[in-house]
Each structure stands twice: as C-alpha cells, then as structure tokens.
Amino acid sequence: MTTLAPTLTLAGGAQMPVLALGTWPMNDAETADAVDSALRSGYRHIDTAENYGNERGVGEGLRRSGIPREEVFLTTKFNRAHHSVDGARAACEVSLQRLGVEQLDLLLVHWPNPDQDRYVDAVRGLAALREEGLIRAFGVSNFTQPHLARVIDAGFLPEVNQIQLDPEHGRAELLRVHRELGIATTAYTPLGRAGAFLADPAITAAAAAHGKTAAQVVLRWHVQQGIAAAPKSANPERQRENLDIFDFALSDAEMAAISALDVGAPLHHDPEEFGH
Ligand SMILES: NC(=O)C1=CN([C@@H]2O[C@H](COP(=O)(O)OP(=O)(O)OC[C@H]3O[C@@H](n4cnc5c(N)ncnc54)[C@H](OP(=O)(O)O)[C@@H]3O)[C@@H](O)[C@H]2O)C=CC1
Ligand SMILES: O=C(O)C(=O)[C@@H](O)[C@H](O)C(=O)CO
C-alpha cells in the first residue's frame, strides 16, 4: 500500500501534506518526469513557482500520473512584477493556465522585495483570490518577522511562510513567531542541497540507530517539529526515500543534537537584498 504523508491544517482550513516535492531547478521535461514518479510513489504535494519556468511540466506530470487532481496539493509562487492586487490575480490566472488546473491549493508571494515595498498589496490580492475560491490558501515565502508584522497589521494572516530551514539554519525565533501567530512553516532546501551536514555524527548516529539514511533523519527532524518540508529529487529512488519517514521517531536527545548544528550560518539569500 502507498504511504501518504500526514497533513497540517492551515488557518483557513485547507489540509497541506507535510512532505512536498521541490521542483527547482528542473525544466519542464525533467519536472514532468519527476512529478509523475513522485505522485505514483505517494507524494501528494508539489512545490513550483512562476520563477522556475516549470509549471507546465508540473501539470503534465500530474496528468500523466493519473492521480486525481483533487488528491494533489499544488503550491506555486509569483514574482515581484505581480506585487499588487491586480498583479496577484494576473499571476494566479497564468499559473492556473500553465498548470492546466482550475484552482490552486496554495499561492505564495515568493520574496518580499522590500525595495519596491508592495508586498502588503500582493497579500491583499491573495486574500481576495481566496475569497473568490480561485485559491484554497495563501501565504508568503522568505518573509521575516517585520515583513509578517506589516501584513498582519494590514489585516491579513498568511497561512504559510516558506523559508530556508535545515539543521544548520534552525530559524528558532521565526518558528516561535509562526507558532504564536498560527502560520504554518514549510522548509525549503531542507537537505541543504545534499549538504555536508548529512555526514555529521549527530545525523549519521541517528540514521544508524533507526536503520534510516541521513536524508531521512533530517526530513524526520523537520516534520517532527510540525514543519512541512519540500525536498527536491529528480531520482525516483531518492523520492521514495524522502517520503519514507513516517514509520519512526527521533528521541528528544536526537532532535536536540541535530538542532545543535545551527551555529548561525548565514542564509543563502538575505530577503532584504535578494528577490525576484
Ligand atoms: N521559496 C523559495 O525561495 C525557495 C524554494 N525552494 C524549493 O525548495 C525545494 C528544495 O530545495 P533545494 O534548494 O532544491 O534543496 P534540497 O535541500 O531539497 O536538495 C536537493 C538536492 O539534494 C539531492 N537529494 C535529494 N534527496 C536526496 C537524498 N535522499 N540523498 C541525497 N541527496 C538527495 C538532490 O539530487 P537529486 O535530484 O539527484 O536526487 C538535489 O541535488 C526546491 O526544489 C524548491 O521547490 C528552493 C529554494 C528557494
Ligand atoms: O528556488 C527558489 O525558489 C528561489 O527563489 C531561487 O532564487 C533560489 O533561492 C536560488 O538560490 C537562486 O540562486
């Protein structure tokens, strides 16, 4: 029987599977193959973006897999040019078209782009789209606590903040803020792009103890904190490996040892400076 990931209930009531297939930096053809194999293995959440240029591939993989549309949670994101009420609508409409679906499960503002200072209007546009039923949930990505505060002061609660989060970037303070506000967290680059930390004894010892791989231990560390994770793999075997994390639990000591790998390394990109 196929194992499905459990879901998190978002603030607006949508159920979001805690394990998503990441699709950056694959092109349409690679994405279609990866999405097809992932869905056949039991994935029910796909992460894409306008910026990845592969939403058509996601739609193709979805149709090829034969998995009914309503069983799959589709997350996509839009770029800075769409940071306005009308822009969010236009972004949604073109993503729907490229994906070949009638509704998005989750639409995110990809980066805050504070230099143009229009992310509050972008979220205002998202709230209207949810109201109309074009999207089931809305959220943001790469937002810091001050960005979230501006959006919330304007009267909108993003349901998700998708952020870089791995054992070396535990994001403890932002996670605390998310929990306080009722914002779900999705971790991107959860494996550190097959980072060196996979060979750290804190992780390899837990992997040996549970008969799992280092990547499985790291993804388990994410979901055991109530965080969703979006590992990318183009390889069907590694896709299955990354989903096979729901039959064991890390001890408190193992969780703490992995969390201790965060010694304050900088993020790949500073959201005050970088964005598209
Ligand atoms: N919101 C945002 O701004 C951002 C969102 N993202 C999203 O997050 C997703 C994941 O992040 P990404 O940066 O790709 O990094 P990941 O941490 O997911 O690492 C992906 C890399 O790890 C390899 N890999 C996957 N599974 C395993 C495994 N079990 N063992 C060993 N190696 C493995 C993959 O290779 P292979 O494919 O060969 O298996 C690939 O090279 C992206 O695809 C995208 O959807 C990413 C960056 C920013
Ligand atoms: O992959 C994404 O979602 C991005 O936003 C990319 O810009 C990614 O963060 C990156 O690292 C590009 O250099």
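Note that the structure is predicted; figures quoted are calculated from it, not measured.

Draft legend 1. Structural context of the site of ligand 2. Around ligand 2 lies a shell formed by Trp24, Tyr52, His110, Trp111, Arg193, His269, Phe274 and His276. At 2.7 Å from an oxygen atom of ligand 2 is found a side-chain nitrogen or oxygen belonging to histidine 110. Histidine 269 places a polar side-chain atom, nitrogen or oxygen, 3.0 Å from an oxygen atom of ligand 2. Within the complex, the protein chains bury 79% of what would otherwise be the 330 Å² of accessible surface of ligand 2. Here ligand 2 is seated within the largest pocket. Split by residue class, the shell around ligand 2 holds four nonpolar, three polar and one charged.

Draft legend 2. Fine view of the UniProt feature "domain: NADP-dependent oxidoreductase" (unreviewed entry) in the protein. Mapped onto this numbering, the UniProt entry annotates "domain: NADP-dependent oxidoreductase" (unreviewed entry) at residues 20-261. End-to-end, the C-alpha atoms of residues 20-261 are 24 Å apart, and along that stretch the chain is 45% helix and 15% strand.

Draft legend 3. Inspection of empty space enclosed by the protein at higher detail. Scanning the model with the defined rule gives one cavity of 30 Å³ or more in all. Space inside the largest cavity adds up to approximately 50 Å³. In terms of lining residues, the largest cavity is bounded by Asn142, Phe143, Thr144, Gln164, Arg171, Tyr188, Leu267, His269 and Pro271. Of the residues contributing to the lining of the largest cavity, the split by class is four nonpolar, four polar and one charged.

Calculation notes
- Residues numbered from 1 in each chain as written.
- Chains lettered and ligands numbered in written order.
- Predicted model: local features only at pLDDT ≥ 70, side-chain atom pairs only at ≥ 80, totals over all residues.
- Heavy atoms only, no water.
- Near = heavy atom within 4 Å.
- Polar contact = N/O pair within 3.5 Å; in protein donor to acceptor, adjacent residues only side chain to side chain.
- Areas by Shrake-Rupley, 256 points an atom, 1.4 Å probe, with all protein chains shown as cover.
- 1 Å grid on protein atoms, 1.4 Å probe; cavity = no way out; pocket = protein on both sides within 12 Å on 5 of 7 lines; lining within 4 Å.
- Sits in = over half its atoms within 2 Å of the grid points.
- Nonpolar A, V, L, I, M, F, W, Y, C, P; charged D, E, K, R; others polar.
- UniProt positions renumbered as here; feature names shortened; annotations may be inferred.
- Helix = DSSP H or I, 4+ residues; strand = E, 2+ residues; numbered from the N terminus.
- Points joined across faces, edges and corners; volume = space filled by probe spheres on them.

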